[in-house]
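Summary of the model geometry
Residue-level listing of the chains:
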Amino acid sequence: MDLSNSSPVITDPVAISQPLLGGLPSNLMQFSVMPGGYSGSGLNASVSRLKIEEVLVSGLLDAMKSSSPRRRLNLAFGQDNSSDEDPAYSAWMAKCPSALASFKQIVASAQGKKIAVFLDYDGTLSPIVDDPDKAVMSPVMRAAVRNVAKYFPTAIVSGRSRNKVFEFVKLKELYYAGSHGMDIMASSANYENNSEKSKQANLFQPAREFLPMIDEVTKSLLQVVSGIEGATVENNKFCVSVHYRNVAEKDWKLVAGLVNEVLEAFPRLKVTNGRMVLEVRPVIDWDKGKAVEFLLKSLGLNDSENVIPIYIGDDRTDEDAFKVLRQRNCGYGILVSQVPKETQAFYSLRDPSEVMEFLNFLVRWKKHSM
Ligand SMILES: O=P(O)(O)OC[C@H]1O[C@H](O[C@H]2O[C@H](CO)[C@@H](O)[C@H](O)[C@H]2O)[C@H](O)[C@@H](O)[C@@H]1O
């Protein structure tokens, strides 16, 4: 499929019009990007403004998870079952049951249908670590993903840049959507030695217009956080991450304040809060959910009667994908979490090791049902 002209470039809400979609294949016309968050003639200031309290709460929750004394003790003994004993977690599990325990129901509903697998990267395929450059995927996890891709169309949908996540995953047989879905390679063949022209033809980059702005904001962010110990900035091509995982808690507010200040000069960018990371990205109506819809459509898997998409992710940005699956009333979102969270997912898994187990279950089930 040639997607070379299909990236609708958005410069101005008023300028959004069909001619921009000239080269988009007709079945993908619905994937035009509308500006999200614009209010009237300008941007609502709250769109880009970060709620500093939110940074504190979500950062603290994340920190608590990795530092609770009981969990540290359990980990030291090679087990991590602390959340089993927590009544709040058990109550949550009743609403969002384990995808391992519910495996039979999941595959029963997929009988005679085609499963498509969508996987987030950080916190899903690789454990969360302090240094984002060291978030490698274990060889056993890679083998599990490779096996899954032998039987089911499989895509990685990550906040990382597409190239970076490919460097971690290293599997040419998958589809990749980087930058929170804003950089989609709709053909796995393009990780072979194909020409630049053919690679471009299969790219869908709805925020291409924002590249210079992202480079510019990266420079400003690097400058403002340079004095804060532990703060780092990661350019993810169509979005930027400001990491505060290694920043002293007393300075989290400062980091959030500085990011807010920088964004005053970039009204077409917004910021959201992930796992101890502030994610700056274009204000366009495009997210991981839209990316999943796009991939389903472009891979010929849009038949919701006969295709069961399974999306596994751990982060807030994955909620957009869970929501899409709920709204389509097909497939399952699976949240990776060790703490109760408000979610649109149907099922849960506790950590990447359970994700691997689930993927292995899928492969075994498929082999036996063939
Ligand atoms: O959509 P994802 O693939 O989950 O990407 C979201 C962010 O993931 C990475 O940051 C997270 O993982 C790091 C490594 O474990 C960790 O150090 C950091 O605190 C986490 O937030 C990535 O580095 C970010 O750029 C992504 O936005």
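Residues numbered from 1 in each chain as written. Predicted model: local features only at pLDDT ≥ 70, side-chain atom pairs only at ≥ 80, totals over all residues. Heavy atoms only, no water.

As recorded by an unreviewed UniProt entry, the chain carries the name Trehalose 6-phosphate phosphatase and is attributed to Oryza meyeriana var. granulata. Its UniProt record, at the heading Sequence similarities (unreviewed entry), says of the chain: "Belongs to the trehalose phosphatase family." (UniProt positions renumbered as here; feature names shortened; annotations may be inferred.)

**Quick look at the site of the ligand**
The full set close to the ligand counts 22 residues, and Val129, Glu234, Arg245, Arg275 and Glu279 are the nearest of them. Within the side chain of glutamate 234, an N or O atom sits 2.6 Å from an oxygen atom of the ligand. One of the side-chain nitrogen or oxygen atoms of histidine 243 is found 3.3 Å away from an oxygen atom of the ligand. Looking at which domains feed residues into the shell around the ligand, each of domain 1 (111-191 + 286-369) and domain 2 (209-282) gives three or more. (Near = heavy atom within 4 Å. Polar contact = N/O pair within 3.5 Å; in protein donor to acceptor, adjacent residues only side chain to side chain. Domains from an automatic or database assignment.)

**Observations concerning the packing of aromatic side chains**
Counted under the stated rule, the structure contains 13 aromatic pairs. Considering the side-chain rings of phenylalanine 118 and tyrosine 311, the 6.5 Å spacing of their centres and the 15° angle between planes classify their relative orientation as stacked. With phenylalanine 118 in strand 3 (residues 114-119) and tyrosine 311 in strand 12 (residues 307-313), this pair connects stretches of sequence that are 193 residues apart. Taken as a pair, phenylalanine 118 and tyrosine 311 share a single burial class, namely buried. (Phe/Tyr/Trp six-rings, centres within 6.5 Å; stacked < 30°, edge-to-face > 60°. Helix = DSSP H or I, 4+ residues; strand = E, 2+ residues; numbered from the N terminus. Buried < 20%, exposed > 50% of the residue type's maximum accessible area, 1.4 Å probe, protein only.)

**A closer look at the nonpolar core**
The biggest cluster of nonpolar side chains holds 59 residues, and the ones touching the most others in it are Phe118, Val217, Leu221, Val259, Leu269, Leu278 and Val280. Here the element with the most residues in this core is helix 10 (residues 252-264); it accounts for 7 residues. Both domain 1 (111-191 + 286-369) and domain 2 (209-282) contribute no fewer than three residues apiece to this core. (Core = buried A, V, L, I, M, F, W, Y, C linked by side-chain atoms within 4.5 Å.)

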